[in-house]
Structure formats: structure tokens, C-alpha cells
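Understanding the architecture of this molecule
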Amino acid sequence: MNNRYSRRQFGSLITASAATLAMPRVLRAQTEGRLLVIGGGFGGATAARFAKMTYPDVSVTLVEPHSSFVTCPYGNLILGGKKQLSNITHSYDGLRARGVNVIHDRAREIDAEGHRVTLDGGDVLEYDKLILSPGIGLRWNAIEGYDEAASEIFPHAWWGGDGSQITNLRAQLEALPEGGVVGLSIPDNPFRCPPGPYERISMIAHHLKQANPTAKILAFDSKEGFSKQGLFEDAWAELYGDMIEWIPASQDGRIMRVDPENKLFISEFGEEHRVDVGNVIPPQYAASIARDAGLTNESGWVPVDQHTFEAEAARDIHVIGDANIAAPMPKSGYIANSTAKTAVKAALAEITGRPAWEDPVYFNTCYSHAGADYAVSVAAIFRPTAEGFEATPDSGGISPRGPLSELSRNRRLESRYADAWYESITNDMFS
Amino acid sequence: MRRKRFFAIAVSLTCAGWPLTALSEGANGQMLAQACVGCHGASWDGQGAITDLRGYDRDSFLRVWEEFRTDERPATIMNRITRGYTEAEVAALADFFASLD
């Protein structure tokens, strides 16, 4: 590796500098190494932008199938009627302008030994270091009858994709018969965005309260509890009366089978629930490219080093975002953004001679909108330990609980800060 | 960096007690500050009602941080966040933000 920054080589670099400066940029870039990023979401877009800004002479290529990115965060606000799809769709032009080579194709296969990735279009990309941020795969048929075709009738809306899942669900909510039933099926841990289903319930209720106030929401959960539960339950009682019923696993909340044609959710104990609109958030695992490359363990997720995010199963592949195993860190956009930068520093240390971040701190904040001008949050500061990751004791936590009469200013401020979070973090990915 | 350390030591001789005497002790301010861009602007330049951190006076930063940490300053979330960092990390953040234009 050409370590341009080491003091030892400084003398020889002086004599070489005139020639180096005269060389075209692309040639010099090649000598600094090649970083390939797969996946242009919260992890991958952040990694590509941060890498290019921090190491301008490293060649950075980003592979992402979609020509624009629809965020999962704020998708629930489309359901609530507060945002349009265009508000949560982002262009990759900003990354291109910074010098990232953006390729819109799907990465099909990783040859970890040969340091090569084959794309669906047939191109083969070579890399020195790979940042893999592929997101989740949905476990089709883990809930009997729930496959890709069923997701047209019972949308999951649990990835951004081309935006069609979230707009499908929104359209169905708008067409809900008066006094109709909206059913949700919510998976067991771990899954993408732990508070997401509950923000979704809130935003659906926010819409129905105005458009269809006698409608009901039945939230069938495979768990006994959930993220920010007290805060959400307070908000539901304060804002939506008895519109929302949350059914935990112990009260037969686990949905085992769906029948989209007859609009049925069937529970563990065989109870059939007819719904007018169904939102099935199925169990998940790492996206297929990570599984096919042999990076996942029996859980379906990718074990990684807690300092570098290098996959345990392969050298020079750093796996960030929802696909990895990083509990108790949540599978959130903010964690993907935060860990992306540590992973890039670690991946490029060897190539550039610039140090990795030796004592990294990982940061998460998740805002959830529960109503109009009403948001709550959870924050946490994580550090690597010998065994994994640990939340820093006596810090972080959730918004204060209490009567809305005392906390309305806090809820309103958090809703504004949530909007600022969205603007700020998407700028850190795409601007 | 060396000059800033010297400045920090000089401050420590003239002010009593933490936080104004805090030393960064090698903590990486620039990387720690990456956590802040999720809300405080992609260049720490502020976002909506959220504070612009560029050029923040070092002593003021340390004072405000301590007020958040001890709930002496009204907060929605910064009280929870400030409790998660060491003295050296906070000093490194203060040095970093003070160095930005």
C-alpha cells in the first residue's frame, strides 16, 4: 500500500511531488485504493459521503439499485397525511457532485476471496475494502401465506424501495370504509426500527381521527412489550381515545397466517380476525447478498467486530446498518449513520495510513411522531466492549412521561426537533 | 492540536474546578462530533431551531454542557445525551467546535 502520509517516506515524496501533482486526478485516486459501498441508504450513503470528504484521494463507488432513495423514517408521516412521497425521496446527485461514482444496479454476488462484486448487469467491480450496508430481507412465508404477492394486498411498507409500498398503504387507508378495521401484524425482536410500528399506529390514528373517527386499529404484536411503550400508550389514550387496541403475544397477538383474499389475520390460537386494511410487518433477516456471501450466522444477521464492523466471516468486508448484529444498539437510521463513519475509518486505515478511531462512541436518537405537534424520543450512547456493545450507564433514555397538560411544550419541541433531525441527517447522507 | 492543549493547560491554571479545566486527553473531537450532525446540521451549522455549533466558545460550551448534564438548563433531550460522555470527550468536543469557522 502506498502510505503517502508517513513521515519516513516524506523525503522521497518531495522529489516525487512534482510528478504526482502533474498526474491526472484519476490516476492518483487509483493509487490510494478503492472503497466499494453496497447499498445507498442510511449506512451506505453516509459511508460514501464521509469517505469522499475525509479521504478525497480514495476512489469511492456506491452501488444502489434505486435511482433515488425513499427513506423509511418519515414514511409513517405519509400515512398520517403530513408528508408526501416527494418529501422523503432523495437524489444521489449530491454524492455524484462530491466525486462518488454512483452505479444504479443490484449487487448480485460477492467474491470475498477475490475482492470482487458482480452486478446484475454483468459488471464486475474490484475493491480493496467493501462497506456492505444492504439493509433487511423480509422472511416471506414466515407468516403462512405472506409472500411478495400478498404484500400487494397487505402491504408491509417496511422498506422504502420505489415508494409503492407506503403509497399503497396510504391509498388503502383513504379508502377505508366508515368504521372499518385496520389490522397490523408486528414481529418479534430483532427487526428494523423498534419504535416504527408504534409510530405507524399513531400516524394511522392521526389520519383516522379526522377522516374516519369511528374506525378501529387492531395492533397484533408478537411481543409482550415495545420501545417507548409508556410514552406511546400515554399518547394513544390522550389523543385517540379507544381507537387503538394493542394485543400482545400473551393475549393471542401473534399472527401465524394471513389470507389476503378474504382479508383475514389468523392468530396463534386460530382466531380469525377480519380486517379492511392489513399492514403486515413480517419477520426479517439480513438482505440476501449478505446471506448468500456466507456472512450471516444461524440468526440470519451478520456478526461483526465491535470496533471496525468487519464481518467475522470475511476480511475486508465491513457490514453496517440493519443487517448486522449490534444489540443492544437498535436497527435504526441513526446507528447506521453513526457506525458508518467508524467503519470507514477502520476500513481505510490500512490503505491511507491514517488511524482508525481507536475508542469509538456510537450514538442513537430516534424520534417518533405520536400526533400533531407531538413527538417523543429515545437517545443512547453506546461503546464497544470485549463482548459486544454496551449502552453507557446513567445516560440516554426516553422523553419524560406525564400529563399532556404539563408536557405539551416538550412534545411540541420534540416534534420540531424531529423535523430538524430528518433534514440534518439526510443532508449528512446526500448533500 | 498541540497549541490547543497548551491553551487548555493555561486555562486550567487560572480557573478552578471542572469543567473549564477539562483536558481532551487524546479523545477524538472530530469523530465524537460526528454524532451531532444527525440534528445540529451536516456541517454543525445548525438546523431549524437547533443550535449552530461552529465557533462555539470553548468555556461557554463546557458550561452549557454541564448545565444540561445536571438538569440546571431546560432541555428536551440534551440532558439525556450529555450524561453519556466523559470529561475528556466533552473537552475534545469543546476544542473541536471552537476550532470551526
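Residues numbered from 1 in each chain as written. Chains lettered and ligands numbered in written order. Predicted model: local features only at pLDDT ≥ 70, side-chain atom pairs only at ≥ 80, totals over all residues. Heavy atoms only, no water.

**Some details on the overall build of chain A**
What chain A contains, in helices and strands, is twelve helices and 25 strands. Over its C-alpha atoms chain A spans a radius of gyration of 23 Å, differing by no more than 12% from the 22 Å that the globule rule assigns to 431 residues. Seen through its C-alpha atoms, chain A measures out along the principal axes to roughly 80 × 50 × 40 Å. Excluding contacts between residues fewer than 6 apart, the proportion of contacts in chain A whose partners are at least 24 apart in sequence is 66%. In the structure as shown, chain A presents an accessible area of about 17,400 Å², 48% of it carried by carbon and sulfur atoms. For chain A, the separation between the mean place of its 40 positive charges and that of its 54 negative charges on side chains is 8 Å. (Helix = DSSP H or I, 4+ residues; strand = E, 2+ residues; numbered from the N terminus. Rg over C-alpha atoms; globule rule 2.2 N^0.38 Å. Contact = heavy atoms within 4.5 Å. Areas by Shrake-Rupley, 256 points an atom, 1.4 Å probe, with all protein chains shown as cover. Lys, Arg positive; Asp, Glu negative; His and termini not counted. Charge placed at Lys NZ, Arg CZ, Asp CG, Glu CD.)

**With respect to the environment of Asp 162 of chain A**
Residues and elements named next belong to chain A. For Asp 162, the position within the fold is in the loop between α6 (150-153) and α7 (164-174). It is 15 Å that separates the C-alpha atoms of Asp 162 and Tyr 74, two residues lying 88 residues apart in sequence. Leaving out residues up to four positions away in the same chain, Asp 162 has contacts with His 66, Val 70 and Leu 85. Within the structure, the side chain of Asp 162 is placed 2.6 Å from the side chain of Ser 164, a separation counted as a polar contact. (Polar contact = N/O pair within 3.5 Å; in protein donor to acceptor, adjacent residues only side chain to side chain.)

**Concerning the pattern of salt bridges**
Residue and element names in this part refer to chain A. According to the stated counting rule, one finds 25 salt bridges over all chains in the structure shown. Here Lys 223 ties to Asp 221 by a salt bridge, and the two come within 2.9 Å at their closest N and O atoms. You'll find Lys 223 and Asp 221 in the same group, each marked buried. Connected through shared salt-bridge partners, Lys 129, Glu 310, Arg 315, Asp 316 and Glu 350 make up one network. (Salt bridge = Lys/Arg side-chain N within 4 Å of Asp/Glu carboxyl O. Buried < 20%, exposed > 50% of the residue type's maximum accessible area, 1.4 Å probe, protein only.)

**Observations regarding the pairing of strand β1 (residues 34-38) of chain A**
Residues and elements named next belong to chain A. Of all five residues in β1, four are buried, a share of seventy percent or more. Pairing of β1 with strand β2 (residues 59-63) involves five bridges; the strand directions are parallel. Looking across to β2, one finds that Val 37 is bridged to Leu 62. Between β1 and its parallel partner β2, the chain crosses via helix α3 (residues 42-54), and the hand of that crossover is right-handed. Two strands pair when backbone bridges link them, and β1 and strand β9 (residues 129-132) are joined in this way by four bridges, in the parallel orientation. Within β9, the position partnered with Ile 38 by the bridge is Leu 132. (Pairing = 2+ DSSP bridges. Right-handed = clockwise from strand over helix to strand, strands pointing away.)

**Description of the environment of Asp 316 of chain A**
All names here are of chain A. Following the sequence through the fold, Asp 316 ends up in the loop between β19 (302-303) and β20 (317-319). When its relative accessible area of 11% is taken as the criterion, Asp 316 is described as buried. Placed 187 residues apart in sequence, Asp 316 and Lys 129 show a C-alpha to C-alpha distance of 5.1 Å. Aside from chain neighbours lying at most four places away, what touches Asp 316 is His 115, Tyr 127, Asp 128, Lys 129, Leu 130 and Glu 310.

**Focus: the interface of chain B and chain A**
With 25 residues of chain B at the interface, the matching set in chain A holds 35 residues. Considering only the side of chain B, the residues that lose the most area to chain A are Met 31, Thr 76 and Arg 80 of chain B, jointly responsible for 28% of the buried surface there. Run the count over chain B and chain A and you get two salt bridges. With a closest N to O distance of 3.4 Å, Glu 414 of chain A and Arg 80 of chain B form a salt bridge. At the surface where chain B touches chain A, the tally comes to eleven residue pairs in polar contact (both at pLDDT 80 or more). (Buried area = accessible area lost by both parts, 1.4 Å probe.)

**A word on the domain arrangement of chain A**
Residues and elements named next belong to chain A. Each assigned domain of chain A is listed with its residue range as follows: domain 1 (3-65 + 105-137 + 286-358) and domain 2 (140-282 + 365-430). Look at where the C-alpha atoms of domain 1 and domain 2 centre, and you get two points 32 Å apart. Taken together, the 26 residues of domain 1 in the interface contact 24 residues of domain 2. Taken together, the two surfaces of domain 1 and domain 2 that pack against each other cover about 2,000 Å², and 68% of this comes from carbon and sulfur. Where domain 1 packs against domain 2, one counts three salt bridges. Measuring nitrogen to oxygen at the nearest pair gives 2.5 Å for the salt bridge that ties Asp 322 to Arg 192. Counting across the domain 1 and domain 2 interface gives eight residue pairs in polar contact (both at pLDDT 80 or more). (Domains from an automatic or database assignment.)

**Some remarks on the nonpolar core**
Core analysis: the biggest nonpolar cluster contains 140 residues, and Ile 217 of chain A together with Tyr 85 and Phe 97 of chain B have the highest contact counts within it. Ile 255, Val 258, Phe 265 and Val 275 of chain A belong to the second-largest nonpolar core, a separate cluster that totals 13 residues. (Core = buried A, V, L, I, M, F, W, Y, C linked by side-chain atoms within 4.5 Å.)

**A look at helix α11 (residues 333-352) of chain A**
All names here are of chain A. Taking 1.5 Å per residue, 20 residues should reach 28 Å; α11 reaches 28 Å between its end C-alpha atoms and fits that length. The buried fraction of α11 is high, at 19 of 20 residues. Gly 353 sits one or two positions beyond α11 and adopts a positive phi of about 75°. (Expected span 1.5 Å × (residues − 1).)

**A look at the packing of α3 of chain A against α11 of chain A**
Residue and element names in this part refer to chain A. At a closest axis distance of 8 Å, the pairing of α3 and α11 adopts a crossing angle of 45°. By the angle between their axes, α3 is oblique relative to α11. In the packing of α3 onto α11, the handedness of the crossing is right-handed. On α11, the residues that touch Phe 42, Gly 43, Thr 46, Ala 47, Phe 50 and Ala 51 of α3 are Gly 333, Ala 336, Asn 337, Ala 340, Lys 341, Val 344, Lys 345 and Leu 348. (Axes fitted to C-alpha atoms, helices over the stretch in contact; angles between N-to-C directions. Parallel < 35°, antiparallel > 145°, perpendicular 65-115°, else oblique. Left-handed = near helix turned anticlockwise from the far one by under 90°.)

**Describing the packing of aromatic side chains**
Summed over the entire model, instances satisfying the criterion amount to 26 aromatic pairs over all chains. Between the aromatic rings of Tyr 198 of chain A and Phe 226 of chain A, the centroid separation amounts to 3.8 Å while the plane-to-plane angle is 5°, which identifies the pairing as stacked. Note that Tyr 198 of chain A is positioned in helix α8 (residues 196-211) and Phe 226 of chain A in the loop between β12 (216-221) and α9 (229-240), a separation of 28 residues in sequence. Tyr 198 of chain A gets classed as buried once you look at its relative accessible area, which sits at 0%. Three or more aromatic residues joined by ring pairs form one cluster here, namely Trp 44, Tyr 56, Phe 61, Trp 65, Tyr 85, Phe 96 and Phe 97 of chain B. The side chain of Arg 291 of chain A reaches across the aromatic face of Tyr 285 of chain A, ending 3.6 Å from its centre. The side chain of Arg 73 of chain B reaches across the aromatic face of Phe 68 of chain B, ending 5.8 Å from its centre. (Phe/Tyr/Trp six-rings, centres within 6.5 Å; stacked < 30°, edge-to-face > 60°. Lys NZ or Arg CZ within 6 Å of the ring centre and 35° of its normal.)

**Here we look at unusual backbone geometry**
For residues that are not glycine, phi is negative in most cases, and the peptide bond is trans in most cases. Residues and elements named next belong to chain A. Geometrically, the link from Asn 189 to Pro 190 is a cis peptide bond, its omega value of -5° lying close to zero. If you trace the backbone, Pro 190 turns up in the loop between β11 (181-186) and α8. Here Ala 327 and Pro 328 are connected by a cis peptide whose omega angle stands at 10°. Along the chain, Pro 328 falls in the loop between β21 (324-325) and α11.

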